[in-house]
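Residue-level listing of the chains:
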Amino acid sequence: AQTVTQSQPEMSVQEAETVTLSCTYDTSESDYYLFWYKQPPSRQMILVIRQEAYKQQNATENRFSVNFQKAAKSFSLKISDSQLGDAAMYFCAVWNGNQFYFGTGTSLTVIP
Amino acid sequence: EPEVTQTPSHQVTQMGQEVILRCVPISNHLYFYWYRQILGQKVEFLVSFYNNEISEKSEIFDDQFSVERPDGSNFTLKIRSTKLEDSAMYFCASKNPDNDEQYFGPGTRLTVT
């Protein structure tokens, strides 16, 4: 069974500061991918960053980076220099080659 | 940049009625998916579709649900007899053949009254 756990239902961050959203997962697959998706109030799911499980190097995408700890099955998202437009629900997801398994989401508030 | 589109953006229907949700995936993508998100909850996988047949489906995707690719562009989700608990946001997604990146559509909000 695949499970994805996001233990922080809500987080807040001051504008221009850094915030880390946590995610742990459990999978029996040896080859999988990890994703963070952002869901703003418009409700569309937008890809933030992806990480191939076979790669040791942490993915980065501009202000977004991940801390991928494969042995611990942990995949946290760091947002640096937070902006007001970063306010959204963030979902962590595991792709096992057939389907996504999503976490329950973390609602991020950015305080001006 | 190519994108997945979905129509309608909001559908209101009465319990017991049939609804068809439409999606136009990105043209060179080969794998298509439907997900749903009940308000305030996580996104749940419904079904994946490849080569004109269902490749995988979840326990949510029971006999009331069906998918179809009636022509070369549209990908539809049909709910035969809607129930109140079918009220949710339904997302279509298609997968880039070069990697495992899925592109999500903007979603259709289904309200069953």
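All values derive from a computational prediction rather than experimental measurement.

**Q** Looking at this structure, I do not really get the overall build of chain B. What am I missing?
**A** The helix and strand tally for chain B stands at zero helices and eleven strands. Listing every helix and strand of chain B by position from the N terminus yields β-β-β-β-β-β-β-β-β-β-β. Rg of the C-alpha trace for chain B: 13 Å, near the compact-globule value of 13 Å for 113 residues, within the 12% margin. A principal-axis box enclosing the C-alpha atoms of chain B has dimensions of 40 × 25 × 25 Å. For chain B, buried positions account for 45% of its 113 residues. Considering only contacts within chain B whose residues lie at least 6 apart along the sequence, 53% involve residues at least 24 apart. With the model as given, the accessible surface of chain B reaches about 5,600 Å², and the carbon-plus-sulfur share is 43%. Counting 10 positive and 16 negative side-chain charges, chain B places the averaged centre of each group 5 Å from the other.

**Q** What is the right way to look at the packing of aromatic side chains in this model?
**A** The way to describe two aromatic rings as a pair is by their centre distance and the angle between their planes. Following the criterion strictly, the structure yields 25 aromatic pairs over all chains and no others. When the ring of A:Tyr25 is compared with that of A:Tyr32, the centres are 5.4 Å apart and the planes differ by 65 degrees; the resulting orientation is edge-to-face. Across the pair, A:Tyr32 and A:Tyr25 agree in class, each one buried. Consider the rings of A:Phe100 and B:Tyr35, whose centres lie 6.3 Å apart with planes at 50 degrees: the pair is tilted. Here A:Phe100 is found in strand E11 (residues 100-102), whereas its partner B:Tyr35 is found in strand E4 (residues 31-37) on a different chain. With relative accessibility at 1%, the residue A:Phe100 sits in the buried group. The class for B:Tyr35 is buried, based on a relative accessible area of 0%. The ring of B:Tyr31 carries the charged tip of B:Lys95 above its face, separated from the ring centre by 4.5 Å.

**Q** Would you explain the pattern of salt bridges in this entry?
**A** Two side chains of opposite charge can pair, provided their charged atoms sit close to one another. Residue and element names in this part refer to chain A. For the structure on display, the rule yields five salt bridges over all chains. Note that Lys73 is salt-bridged to Asp26, the shortest N-O span being 3.2 Å. Taken as a pair, Lys73 in the loop between strand E8 (64-69) and strand E9 (74-79) and Asp26 in strand E4 (residues 24-26) lie far apart in primary sequence, 47 residues in all. For Lys73, a relative accessible area of 25% corresponds to the partly exposed category. Looking at Asp26, the relative accessible area reads 38%, which means it is partly exposed. With its nearest N and O atoms 3.9 Å apart, the salt bridge here joins Glu52 to Lys55. Judged by its relative accessible area of 12%, Glu52 falls in the buried class. Looking at Lys55, the relative accessible area reads 39%, which means it is partly exposed. In the salt-bridge network here, residues are joined through shared partners; they are Arg50, Glu52 and Lys55.

**Q** Which parts of the structure should I look at to understand unusual backbone geometry?
**A** One can expect most non-glycine residues to show negative phi and most peptide bonds to be in trans. Here the residue pair B:Thr7 and B:Pro8 is connected by a cis peptide bond, since its omega of -10 degrees sits within 30 degrees of zero. Within the element layout of this structure, B:Pro8 appears in the loop between strand E1 (5-7) and strand E2 (10-13). Its identity as a non-glycine residue notwithstanding, A:Ala16 has a phi of 80 degrees, on the positive side. Even without being a glycine, A:Asn62 presents a positive backbone phi close to 55 degrees. Within the secondary structure layout, A:Asn62 lies in the loop between strand E7 (60-61) and E8.

**Q** Can you help me understand the pairing of strand E11 (residues 108-112) of chain B in this one?
**A** Along a regular strand, successive side chains alternate from one face of the sheet to the other. Residues and elements named next belong to chain B. Burial along E11 is one-sided: Thr108, Leu110 and Val112 are buried, while Arg109 and Thr111, pointing the other way, are not. Where strand E9 (residues 88-95) meets E11, three bridges bridge the pair, whose relative direction is antiparallel. Of the residues in E11, the one forming a bridge with Ala88 is Leu110.

**Q** Sorry if this is basic, but what is going on with the sheet that holds strand E3 (residues 19-24) of chain B here?
**A** Sheet strands line up and pair through hydrogen bonds in the backbone, either parallel or antiparallel. Residues and elements named next belong to chain B. Across the sheet, which stays open at both edges, the four strands sit in the order E1-E3-E8-E7 with antiparallel pairing between neighbours. The sheet is open, and its two borders are formed by E1 and strand E7 (65-68), each paired with just one other strand. Within the sheet, the average angular offset between the axes of one strand and its neighbour, ignoring direction, is 20 degrees. The pairing of E1 with E3 spans three bridges and is antiparallel. When the bridges of E3 are listed, Thr5 appears paired with Val24.

Conventions used here
Residues numbered from 1 in each chain as written. Chains lettered and ligands numbered in written order. Predicted model: local features only at pLDDT ≥ 70, side-chain atom pairs only at ≥ 80, totals over all residues. Heavy atoms only, no water. Helix = DSSP H or I, 4+ residues; strand = E, 2+ residues; numbered from the N terminus. Rg over C-alpha atoms; globule rule 2.2 N^0.38 Å. Buried < 20%, exposed > 50% of the residue type's maximum accessible area, 1.4 Å probe, protein only. Contact = heavy atoms within 4.5 Å. Areas by Shrake-Rupley, 256 points an atom, 1.4 Å probe, with all protein chains shown as cover. Lys, Arg positive; Asp, Glu negative; His and termini not counted. Charge placed at Lys NZ, Arg CZ, Asp CG, Glu CD. Phe/Tyr/Trp six-rings, centres within 6.5 Å; stacked < 30°, edge-to-face > 60°. Lys NZ or Arg CZ within 6 Å of the ring centre and 35° of its normal. Salt bridge = Lys/Arg side-chain N within 4 Å of Asp/Glu carboxyl O. Pairing = 2+ DSSP bridges. Axes fitted to C-alpha atoms, helices over the stretch in contact; angles between N-to-C directions.

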